[in-house]
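Notes for the structure review
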Amino acid sequence: DELRHGACRPSQQPDTVPRVRVAFLHHSLDMGGVERQMLSTWAAVDRERVAAEVVLFQDLGGWADKFKTAGLPVRLFRVFSSSRERTPASEAAEDALLSHLRGFDVVHAWYG
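Attention here is on the structure that accompanies the text. (Residues numbered from 1 in each chain as written. Predicted model: local features only at pLDDT ≥ 70, side-chain atom pairs only at ≥ 80, totals over all residues. Heavy atoms only, no water.)

Take the pairing of strand 2 (residues 50-56) next. For strand 2, the tally of buried residues reaches seven of seven residues, placing the bulk of the element in the interior. Of the two faces of strand 2, the one lined by V50, A52, V54 and L56 and the one lined by A51, E53 and V55 are each fully buried. Alignment of strand 1 (residues 20-26) against strand 2, held across seven bridges, turns out to be parallel. Bridge pairing in strand 2 places V20 opposite V50. Running through helix 1 (residues 33-43), the crossover from strand 1 to the neighbouring parallel element strand 2 is right-handed. (Buried < 20%, exposed > 50% of the residue type's maximum accessible area, 1.4 Å probe, protein only. Helix = DSSP H or I, 4+ residues; strand = E, 2+ residues; numbered from the N terminus. Pairing = 2+ DSSP bridges. Right-handed = clockwise from strand over helix to strand, strands pointing away.)

A few words now on the nonpolar core. Residues F24, L29, M38, V54, F67 and L72 are the most contacted members of the largest nonpolar core, which totals 16 residues. Of all the secondary structure elements, the ones that give two or more residues to this core are strand 1, helix 1, strand 2 and helix 2 (64-69). When sequence neighbours within four positions are dropped, the list of residues in contact with F67 reads L29, E35, M38, L39, V54, L72 and V74. Within the second largest apolar cluster, nine residues are counted, among which are F77, V79, A93 and F104. (Core = buried A, V, L, I, M, F, W, Y, C linked by side-chain atoms within 4.5 Å. Contact = heavy atoms within 4.5 Å.)

Topologically, V20 is positioned in strand 1. Its relative accessible area of 35% is what places V20 among the partly exposed residues. Along the sequence, V20 and V106 sit 86 residues apart, while their C-alpha atoms lie 7.7 Å from each other. Filtering out sequence-adjacent residues up to four positions away, V20 remains in contact with R49, V50, A51, D105 and V106.

Proximity of charged atoms lets side chains of opposite charge pair with each other. Overall, the coordinates contain two salt bridges when judged by the stated rule. Linking R78 and D59 is a salt bridge whose minimum nitrogen-to-oxygen distance equals 2.6 Å. One end of the pair, R78, is in the loop between strand 3 (74-76) and helix 3 (90-101); the other, D59, is in the loop between strand 2 and helix 2, with 19 residues separating them in the sequence. Overall, the relative accessible area of 42% leaves R78 in the partly exposed class. (Salt bridge = Lys/Arg side-chain N within 4 Å of Asp/Glu carboxyl O.)

Shown next, in the form of C-alpha cells:
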C-alpha cells in the first residue's frame, strides 16, 4: 500500500525516485476560476515528487506569464482558433498535442 503512495522501497534512496509527470490540460489561460484553481493546486504540490506543465489547445491567454512565474511551463498546441474553430493546421496540432501528452504519467483536464 505504501508503494502506491510514492514511498521508497527500502533499497532505494529517496533522491532516486522519479518525479511524476503531470500535464494540466486546458484551452487557454484567461483570468478565471479554473486558472486560479490550477495555480492553487500547483502551490500545494511537492515539487520534489511532481513535475508539471500546462498544456493548452487554443490560446495562451492573459495569465500565461503568471504560470511561468509560478514555475509552471506553458506549452501551446493551437488545435482551435480563438473563435473555437478548427483550422487547416488543426490536424497537425492535434497530432502533436496527443504525442506530447503521451510523455506524461497523469493528464489532468480542466473544463471551464
